[in-house]
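Structure at a glance
What follows is each chain in one-letter form.
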Amino acid sequence: MFTIAQISDTHLSDDKPFFVDNFVRIGEALRASRPDLVLNSGDITLDGASNEADLAAARLLHDGLDLPMRFLPGNHDLGDSQDSPGHGEAAIDADRRRRYVSYFGADWWWFDAPGWRVLGLNAQLLGSDLDEAEMQDDAIAEAVGGLGSRRLALFLHKPLFDRTVDEREITGRFVNPVPRRLLLASLDGVTPALVSCGHVHQYRASEAFATRHVWATSTAFVIPDHRQPRYGLKEVGYVEHRLAPDGTHDSRLVRVPGVPTHDIARFPEAYGPM
Ligand SMILES: [Fe+2]
Ligand SMILES: [Fe+2]
């Protein structure tokens, strides 16, 4: 059994350290449970897209856990997708991406566990005109082409959609319709057993088109209902995935006692008033 502890949306910073305590406490729980891998699925930093010091601080905090670790970038780490409607947020560019990679390593990757191939993608490159978007597409083709009899688990920062693959809205919340279609086409007929993301700061597990879709919540904070609909559970924690060699799998929300669910509206110094 291969276990992945997925943490997400840690939103870490040294000069705005509002969410560091939650990270440290959840880190203690991870050190006690000894998963095979800790995966941070993005928004690792409060504002690494504009502030390199946040990237450095977040990397140090993760190194302090001394656990096997992989990272995927979120919009706050290297800028949002170029096709997301702007809300004054930086968009991904070559410099921001390079800077992220210099702290957290490859922004897409895959590895194998018994019975499984685990593929991690940079969601912000989907729908982007950066050269690296094409390189990521090539990597997807290679990962899927060599899948063999393994099942595919896909991780990326943003959910593919809310309920159905045909949704047409252009949002910053989900992978947008055109890159979604291209991504699914690039899987070349392979149906992932599991797609898991972060970004929404809510936990949800659902089934769609023979795939289990899991949204990992944030370790840090949730977003009030007047700013974001309720899709699932607005509670902080992390997600434990267990991938068995026979291809069966399960995922569950882990709540860590004593870790408060912060409301971002109470931290106007983080991203401005709500
Ligand atoms: Fe986030
Ligand atoms: Fe995000």
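Cut-offs and rules
Residues numbered from 1 in each chain as written. Chains lettered and ligands numbered in written order. Predicted model: local features only at pLDDT ≥ 70, side-chain atom pairs only at ≥ 80, totals over all residues. Heavy atoms only, no water. Donors = N, O, S within 2.8 Å, 3.2 Å for Na, K, Ca; no water. Tetrahedral: all angles 85-135°; square planar, octahedral: opposite > 155°, others 65-115°. Helix = DSSP H or I, 4+ residues; strand = E, 2+ residues; numbered from the N terminus. Buried < 20%, exposed > 50% of the residue type's maximum accessible area, 1.4 Å probe, protein only. Pairing = 2+ DSSP bridges. Axes fitted to C-alpha atoms, helices over the stretch in contact; angles between N-to-C directions.

1. Some points on the coordination of the iron ion (ligand 1)
- Within the protein, the iron ion (ligand 1) binds to Asp9 (OD), His11 (NE2), Asp43 (OD) and His201 (NE2); these donor distances fall in the range 2.0 to 2.3 Å.
- Here the iron ion (ligand 1) binds 4 donor atoms, and the angle range of 87 to 171° at the metal identifies the geometry as irregular.
- Along the chain, the residues donating to the iron ion (ligand 1) fall in the pattern D-x1-H-x31-D-x157-H.
- Distance-wise, the iron ion (ligand 2) is placed 3.6 Å from the iron ion (ligand 1), both being coordinated by Asp43. Placement of His11 in the loop between strand E1 (2–7) and helix H1 (20–33) and of Asp43 in the loop between strand E2 (37–40) and helix H2 (52–63) is noted, with a sequence separation of 32 residues between them. The pair His11 / Asp43 is uniform in exposure class, with both members buried.

2. With respect to the coordination of the iron ion (ligand 2)
- With distances of 2.1 to 2.2 Å, the protein atoms coordinating the iron ion (ligand 2) are Asp43 (OD), Asn75 (OD1), His157 (NE2) and His199 (ND1).
- Geometry at the iron ion (ligand 2) is irregular, judged from the 4 donor atoms that bind it and their angles of 87 to 156° at the metal.
- Along the chain, the residues that donate to the iron ion (ligand 2) are spaced as D-x31-N-x81-H-x41-H.
- Overall, the relative accessible area of 0% leaves His157 in the buried class.
- On the basis of relative accessibility, which here comes to 13%, the residue His199 falls in the buried class.

3. Some thoughts on the sheet that holds strand E8 (residues 204–208)
- What the 6 strands build is an open sheet, ordered E4-E5-E6-E7-E9-E8; its pairing is mixed. At either end of the open sheet lies a strand with only one pairing partner, and these are strand E4 (109–113) and E8. Put simply, the sheet's adjacent strands are angled 15° from each other on average, direction ignored.
- The sheet contact formed by strand E7 (residues 194–197) and strand E9 (residues 211–215) spans 4 bridges and is parallel. Pairing of Cys197 across the sheet is with Trp215, part of E9.

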